[in-house]
Amino acid sequence: MGHTQKNVQFSHRIRRAAALLVMMGMGSLLLTAGGCRKEEKAKAPQTPTVEVVAVVQKDIPIYNEWVGILDGSINAVIRPQVAGYLISQNYREGEQVKKGQVLFEIDPRTFQAALNQAKALLSQQKARHDTAKANLARIRPLAEKNAVSQKDLDDAVGMELSAKASVEAAQASIEEAQLNLEFTKITSPVDGIAGIAKTQLGNLVGPSMSEELTSVSTVNPIKAYINISEREYLGLREKSQQVENIALELILADGSTYPDKGKFALADRQINAGTGTLKVGSLFPNPGNILRPGGFGLIRALMEVRKGALLIPQRAVGDVQGKYLVAVVGSDNKVDIRMVKVGERIGSDWIISEGLKPGESVIAEGIQKVKPAMVVNPQPFNPEAAAKAAATKAATPAEKR
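Residues numbered from 1 in each chain as written. Predicted model: local features only at pLDDT ≥ 70, side-chain atom pairs only at ≥ 80, totals over all residues. Heavy atoms only, no water.

K.L.:
Please explain the environment of Lys 263 as it appears in this structure.
P.N.:
Structurally, Lys 263 is set in strand S11 (residues 263–267). For Lys 263, a relative accessible area of 46% puts it in the partly exposed group. With 15 residues separating them along the chain, Lys 263 and Leu 248 place their C-alpha atoms 5.6 Å apart. Setting aside anything within four residues of it in sequence, one finds Lys 263 in contact with Glu 244, Ile 246, Leu 248, Ser 282 and Leu 283. (Helix = DSSP H or I, 4+ residues; strand = E, 2+ residues; numbered from the N terminus. Buried < 20%, exposed > 50% of the residue type's maximum accessible area, 1.4 Å probe, protein only. Contact = heavy atoms within 4.5 Å.)

K.L.:
What's the story with the side chain of Glu 249 in this structure? I'm lost.
P.N.:
Structurally, Glu 249 can be placed in strand S10 (residues 248–251). There is a polar contact of 3.1 Å between the side chain of Glu 249 and the side chain of Lys 261. Setting aside residues no more than four positions away along its own chain, Glu 249 makes contact with Lys 261, Phe 284, Leu 298, Ile 299 and Arg 300. (Polar contact = N/O pair within 3.5 Å; in protein donor to acceptor, adjacent residues only side chain to side chain.)

K.L.:
Looking at this structure, how should I read helix H2 (residues 109–144)?
P.N.:
Because the α-helix completes a turn every 3.6 residues, residues three or four places apart line up on one side. Between the first and last C-alpha of H2 there are 53 Å, a value that for 36 residues agrees with the 52 Å anticipated at 1.5 Å per step. Buried residues in H2 make contact with helix H3 (150–183). A positive phi of about 60 degrees marks Asn 146, the residue just after H2. (Expected span 1.5 Å × (residues − 1).)

K.L.:
Which parts of the structure should I look at to understand the packing of H2 against H3?
P.N.:
The geometry of a pair of packed helices is captured by two quantities: the angle between their axes and the separation between those axes. Two elements in contact, H2 and H3, have axes separated by 7 Å at closest approach and are oriented at 160 degrees. By the angle class used here, H2 and H3 are roughly antiparallel. Where H2 crosses over H3, the handedness of that crossing is left-handed. Of the residues contributing to the contact of H2 with H3, the split by class is 20 nonpolar, nine polar and eight charged. (Axes fitted to C-alpha atoms, helices over the stretch in contact; angles between N-to-C directions. Parallel < 35°, antiparallel > 145°, perpendicular 65-115°, else oblique. Left-handed = near helix turned anticlockwise from the far one by under 90°. Nonpolar A, V, L, I, M, F, W, Y, C, P; charged D, E, K, R; others polar.)

K.L.:
Teacher, can you tell me more about the environment of Ile 337 here?
P.N.:
The residue Ile 337 is located in strand S16 (residues 335–346) in this model. Its relative accessible area of 33% is what places Ile 337 among the partly exposed residues. With sequence-adjacent residues up to four places away left out, Ile 337 is seen in contact with Leu 325, Val 326, Ala 327 and Pro 372.

K.L.:
How should a nonpolar patch on the surface be read in this particular structure?
P.N.:
Together, Tyr 63, Leu 302 and Val 305 make up an exposed nonpolar region whose accessible area comes to about 240 Å². As for its position among the elements, Leu 302 is in strand S13 (residues 296–313). (Patch = residues over 30% accessible without salt bridge, like charges linked within 9 Å, V, L, I, M, F, W, Y side chains within 5 Å. Areas by Shrake-Rupley, 256 points an atom, 1.4 Å probe, with all protein chains shown as cover. Salt bridge = Lys/Arg side-chain N within 4 Å of Asp/Glu carboxyl O.)

K.L.:
Explain the confidence of the model for the chain to me, please; I cannot follow it from the model alone.
P.N.:
Counting all residues, the mean pLDDT for the chain is 85, and 84% of those residues have values of 70 or more. Scored below 50 in pLDDT, residues 17–36 makes zero contacts in the model with residues more than four places away or belonging to other chains. (pLDDT = per-residue confidence, 0-100.)

K.L.:
For this particular structure, what's the right way to read the sheet that holds strand S8 (residues 204–205)?
P.N.:
As a general point, the strands of a sheet are linked pairwise by backbone hydrogen bonds and lie either parallel or antiparallel. What the four strands build is an open sheet, ordered S6-S5-S3-S8; its pairing is antiparallel. Whereas interior strands pair on both sides, the edge strands pair on one side only; in this sheet they are strand S6 (185–187) and S8. As paired elements, strand S3 (residues 84–89) and S8 share two bridges and run antiparallel to each other. Residue pairing in the sheet places Gly 84 in a bridge with Val 205 of S8. (Pairing = 2+ DSSP bridges.)

K.L.:
Explanation requested: the packing of aromatic side chains in the structure shown.
P.N.:
Geometrically, a pair of aromatic rings is defined through the distance of the ring centres and the angle of the planes. What the rule picks out here adds up to three aromatic pairs. A cation over an aromatic ring shows up here: Lys 279 above the ring of Tyr 225, its NZ or CZ 4.5 Å from the ring centre. Above the ring of Trp 350, the side-chain terminus of Arg 345 is found at 4.1 Å from the ring centroid. (Phe/Tyr/Trp six-rings, centres within 6.5 Å; stacked < 30°, edge-to-face > 60°. Lys NZ or Arg CZ within 6 Å of the ring centre and 35° of its normal.)

K.L.:
Is there a simple way to explain H3 in this structure?
P.N.:
Between its first and last C-alpha, H3 extends 50 Å over 34 residues, near the 50 Å set by a 1.5 Å rise per residue. By the burial criterion, the buried members of H3 are Leu 153, Ala 156, Glu 160, Ala 163, Val 167, Ala 170, Ile 174, Ala 177 and Leu 181. Buried residues in H3 make contact with H2 and S6.

In structure tokens:
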């Protein structure tokens, strides 16, 4: 009897345990089912938010821009024309000098002595010539009376001519010596800015030296050289009647715009076969000598005004294998991916020549989220926020991204 009661109690325990397991299994199934429903709800597609901007239509000035290198309109390299020791520098480096101003002096004593010697030789040859002329004057009447031979007359004529030639040679020697003496004063051939001297006082200088004494550059007006492509050159040739009238702007290295306008002045004789560009020179007034040779600047020319051009931000244009695409949001908030033809870039915007209409909305931020016919939530584009985000991203170290 005791054994039977124990069996009954054990059977009740088994049934309770089995019931508990069943209840736990059902709870798990309920939890699993609830989790699946939540996951399915979380995976439900949401409408992406994008930022859009309207296609603007307005008259756009079209500029061509080139990097220019400044150079003097005249660059005179100053070299000595005679050899000697440098004894004087008569200008301040980097300052304005006048044409004919003495820049350097070479010791003139040797050349003064050579001039004195040439003058003495001239006097000697003139005396011989006077003697030869007097001798000829005596012999010629005698020869007419056959009092002297024809040979004596010929010798007298020859002596007079030889003495006359010696006088002319002595005169030429004086002129040469005088020039050499003048060359000891080295002058500037032009008005301009004199550079730093490349030699020192006391040095032996001469025409064969490898380095110049200095350079003088005329900087008013100043030249600015640019390299234009062959295509740009041909385009300018089509406007050959107006090229000289195109006003050029010069943007300096500090970002400021030079106040005086320039103009095209010259073009090289040939196109560079290696780069496919043509060197073109322009002239800018430089009354204060602010611009100096060797400086860089951005030269900009207004080529035309595009009437009624369509403009959108460059960030709204996608480039896929050489094809330009934009995402247009219609009135029903559906996306239409269109192929467009682009024109010139104007700052951070792009001119669209085909594919868009004025007033249409294009996606400027979030274009990577959309597909054709997708419904989106369009919001106005905030260029300042986009620029700030781009700057923050650029400033963030790569390992933290």
